[in-house]
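# What the coordinates show
Here is how the chains run, residue by residue.
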Amino acid sequence: MSPPPPAPDLQAALARTAAFGLSPDLRFAAQSGEEAIVFLLDQVKTCQLPRRLTLSDGHRALLRVDAAGGRLLALVSIGEAGPARAFADVLDRPLNARSETDAGQVADCLQAVLPAAVTLTVTTARPEGAAELGGSGLAPAQVLQALGFVPASPDPSARYADLIAAAEDVLVALYAGRGETRHFRGEAALPDPLTTCLDRLLADPAGLIGLVAPGDILVLTGFADLPHGIALLHAPDGPAALVFEGEAGADLAAFWAEVPLAP
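As a starting point, this report considers the structure included with it. (Residues numbered from 1 in each chain as written. Predicted model: local features only at pLDDT ≥ 70, side-chain atom pairs only at ≥ 80, totals over all residues. Heavy atoms only, no water.)

Here the distance between the centres and the angle between the planes together describe a pair of aromatic rings. This structure, assessed with the given rule, holds one aromatic pair. Aromatic side chains F28 and F39 sit 4.9 Å apart centroid to centroid with 10° between the ring planes, which places their arrangement in the stacked category. On the criterion of sequence distance, the pair formed by F28 in strand β1 (residues 26-30) and F39 in helix α2 (residues 33-46) is long-range, its members being 11 residues apart. In this structure F28 comes out as partly exposed when scored by relative accessible area, which is 28%. (Phe/Tyr/Trp six-rings, centres within 6.5 Å; stacked < 30°, edge-to-face > 60°. Helix = DSSP H or I, 4+ residues; strand = E, 2+ residues; numbered from the N terminus. Buried < 20%, exposed > 50% of the residue type's maximum accessible area, 1.4 Å probe, protein only.)

In the structure shown here, the tally under the stated rule is five salt bridges. Taking the shortest distance from any N to any O, the salt bridge between R52 and D66 comes out at 2.7 Å. Remark: D66 occurs in strand β3 (residues 61-68) and R52 occurs in strand β2 (residues 51-56); sequence separation between them is 14 residues. For D66, a relative accessible area of 14% corresponds to the buried category. R60 serves as the salt-bridge partner of E80, at 3.0 Å between the closest nitrogen and oxygen. A residue pair is termed long-range when its members are at least 10 positions apart, and E80 in the loop between β4 (71-78) and α3 (81-86) and R60 in the loop between β2 and β3 qualify at 20 residues. Looking at E80, the relative accessible area reads 42%, which means it is partly exposed. The exposure class of R60 is partly exposed, given its relative accessible area of 40%. Several salt bridges converge on common partners, so that one network encompasses D57, R60 and E80. (Salt bridge = Lys/Arg side-chain N within 4 Å of Asp/Glu carboxyl O.)

Tracing the chain through its elements places T54 in strand β2. For T54, a relative accessible area of 18% corresponds to the buried category. When sequence neighbours within four positions are dropped, the list of residues in contact with T54 reads A61, L63, R64, T121, V122 and T123. (Contact = heavy atoms within 4.5 Å.)

In structure tokens:
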């Protein structure tokens, strides 16, 4: 004798666990493109943890999206090569919920990709990188996105210029080696122990600058018993070291980290 089916409220609760990857594939017979979009967005709303949803028509994947916190975070890929080229600007990147441009492009993409009448299947899985999170919680970039802050990729020279402008009051010099020094407080020469230290830090390939990736900054303090801090970064003209007042190190690093997270 088979056990009785679960009560309707329990069935509904189990269906909602699709957000946690415990639900089997869901099927829906869409009678129009609008119904297909509503079905997809309903599945997005159930995803609280980061999940990748794959929407297919039983033969091929039509669309892959990333969702978390009940929000559509990214359109990962679409099945047809033609639409993929047409909507390349909106694919596989963070979506900005506050951007009318993104909203319009997503709507156009969904209308172009989802068929007018078909039985759809949605498969829920962890997105790439979710294993590092232990399957729980949101990635930092997704938290920022949910708050309306989208990680950007500003022009490196603009980001560098913003740092110089914001920190000019605490900067002493910009040292690029090869006798190239920009002074922010007159033309007083940097102390010899400091320049020796800077030359070692910027030496290629043995210096610490080799550990600093483009777009990163490495802030150091406590060198040669001098009251200066050093920030290693890649300026537009090449590797460089910013010399600044030692107590400003934390503020400098925090500013650099926050520049790409403007709303």
